[in-house]
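Listed below, chain by chain, are the residues.
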Amino acid sequence: MTGAVMGLNALPEKTSDADMLREMVGPCARRFAAERLMALEVGALTGAGYGEKTPERLAQRNGCRERDWHTRAGTVELRIPKLRKGSWFPGFLEPRRMAEKALTAVIEEAYVQGISTRSVDDLVKAVGMDGISKSQVSRLCGEIDEKVQGFLNRPLEG
């Protein structure tokens, strides 16, 4: 057993073995681990594993959706299972939702302050993202426009 541990410790020193080790923890390994986690979560939620027929089943799977998972170690292409009834989102991706909400709030605030869409694009690039189009800004701020219109068209009685 000690020889096996020493062999693993020596792997990074050899170039071809180092490449193999990097590959073992690379995107394929992260994808495999993430998809295994999702399968376990969905199995617990539905009451049955993939393709398993059981009377305890609470929900059924309905295909999957593609999603890129941007990590510090690179981007991983995931296939997130969908459910026929209800919705589900992997727990390990939740922090991204909070970051997206924060970015949306910043974009909406810039819109309310009257900053141009070009400047909003520059702001998003400064945060480290690829940028944002005028139509994306308009879509994100559409909810604000609806609220403003509702406020402006409200009855003034009472």
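Please refer to the structure placed before this passage.
Residues numbered from 1 in each chain as written. Predicted model: local features only at pLDDT ≥ 70, side-chain atom pairs only at ≥ 80, totals over all residues. Heavy atoms only, no water.

In a soluble, globular protein the nonpolar side chains are often hidden away together inside. Within the largest apolar cluster, 10 residues are counted, these being A34, M38, V42, V76, L78, I80, L83, W88, F89 and L93. When contributions to this core are tallied by element, the ones reaching two or more residues are α3 (27–46) and β2 (74–83). With residues near it in sequence (within four places) discarded, M38 still touches L78, R79, I80, P81, W88, P90 and F92. Ranked by size, the runner-up nonpolar core spans 8 residues in total, among them A110, V120, I132 and C141. (Core = buried A, V, L, I, M, F, W, Y, C linked by side-chain atoms within 4.5 Å. Buried < 20%, exposed > 50% of the residue type's maximum accessible area, 1.4 Å probe, protein only. Helix = DSSP H or I, 4+ residues; strand = E, 2+ residues; numbered from the N terminus. Contact = heavy atoms within 4.5 Å.)

Tallying each qualifying case throughout the model produces 2 salt bridges. A salt bridge links E35 to R31; the shortest N-O distance between them is 3.0 Å. A residue pair is termed a helical-turn pair when its members lie 3 or 4 positions apart in one helix, as E35 and R31 do in helix α3 at 4 residues. The partner of R79 in a salt bridge is E66, with the nearest N and O atoms 3.2 Å apart. A residue pair is termed long-range when its members are at least 10 positions apart, and R79 in strand β2 and E66 in strand β1 (residues 61–71) qualify at 13 residues. Of the residues examined, R79 reaches a relative accessible area of 40% and is grouped as partly exposed. (Salt bridge = Lys/Arg side-chain N within 4 Å of Asp/Glu carboxyl O.)

Before going further, it helps to examine the environment of E35. Given the relative accessible area of 26%, E35 is considered partly exposed. With 46 residues separating them along the chain, E35 and P81 place their C-alpha atoms 9.1 Å apart.

Among the secondary structure elements, D121 is positioned in helix α5 (residues 117–127). The contact partners of D121, leaving out residues within four places of it in the chain, are G131 and I132.

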